[in-house]
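Analysis of the macromolecular model
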Amino acid sequence: MMSRKLLSTVEVAHEVGVPRATIQYWIREGKIVAPKTRLRNGVAVRLWTSAGVEKARKLKGTLKRGPEPKKGKNSKV
């Protein structure tokens, strides 16, 4: 079980087991409501509660994945 600490979107993605882009895609598509942005160490981040993480975890198996990362000029294909 997770503690009561707040997690960034990157940390939530790690906890849920999806790429950060997938969480952002779900937010954009209105599938999940993102918390308001706050400052953490001088950087604006969304800080998620454990309840928000659980909602994202439940969505993982029911929603389409977010967009695939773009291929850069240095990527191996």
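Scroll up to find the structure this text is about.
All residue numbers here refer to positions counted from 1 along the written sequence of the relevant chain. A pLDDT threshold of at least 70 governs which residues receive local features in this predicted model, and a stricter bar of 80 or more applies before side-chain atom pairs are shown or counted, although totals over entire chains, interfaces and linings include all residues. Processing note: side-chain calculations cover all non-hydrogen atoms of the structure and skip hydrogens and water entirely.

**Focus: the side chain of serine 8**
The condition that has to hold: Numbering of helices and strands starts at the N terminus; helices are DSSP runs of H or I of at least 4 residues and strands are runs of E of at least 2. Throughout, a contact is declared for two residues whenever any of their heavy atoms are within 4.5 Å.
Along the chain, the position of serine 8 falls in the segment before α1 (9–16). Not counting residues up to four positions away in its chain, the partners in contact with serine 8 are Arg40, Arg46, Leu47 and Trp48.

**Quick look at the packing of α1 against helix α3 (residues 50–60)**
Formally: Fitting a line to C-alpha atoms yields each axis, with helices limited to the stretch in contact; the angle taken between N-to-C directions then spans 0 to 180 degrees. Orientation labels follow simple angle bins: below 35 degrees gives roughly parallel, above 145 gives roughly antiparallel, 65 to 115 gives roughly perpendicular, and whatever is left gives oblique. Should the near helix be turned anticlockwise from the far one by less than a right angle, the crossing is termed left-handed; should it be turned clockwise, right-handed. All residues other than Ala, Val, Leu, Ile, Met, Phe, Trp, Tyr, Cys, Pro, Asp, Glu, Lys and Arg, Gly among them, are scored as polar; the first ten of these are nonpolar and the last four charged.
Where α1 contacts α3, the axes come no closer than 9 Å and their chain directions differ by 45°. Looking at the two axes, α1 sits oblique to α3. α1 and α3 meet at a crossing whose hand is right-handed. Each of Val12, Glu15 and Val16 in α1 lies in contact with α3, whose residues at this interface are Val53, Ala56, Arg57 and Lys60. Looking at the contact of α1 with α3, its residues break down into four nonpolar, no polar and three charged.

**A closer look at the pairing of strand β1 (residues 37–40)**
Consecutive residues of a regular strand have side chains that alternate between opposite faces of the sheet. Quick reminder of the rule: In this scheme, strands are said to pair when DSSP sees at least two bridges between them.
Pairing between β1 and strand β2 (residues 43–46): four bridges, direction antiparallel. The partner of arginine 38 across the bridge, within β2, is valine 45. Counting the residues between successive antiparallel strands, the hairpin from β1 to β2 contains two residues, one of them, asparagine 41, with a positive phi of roughly 55°.

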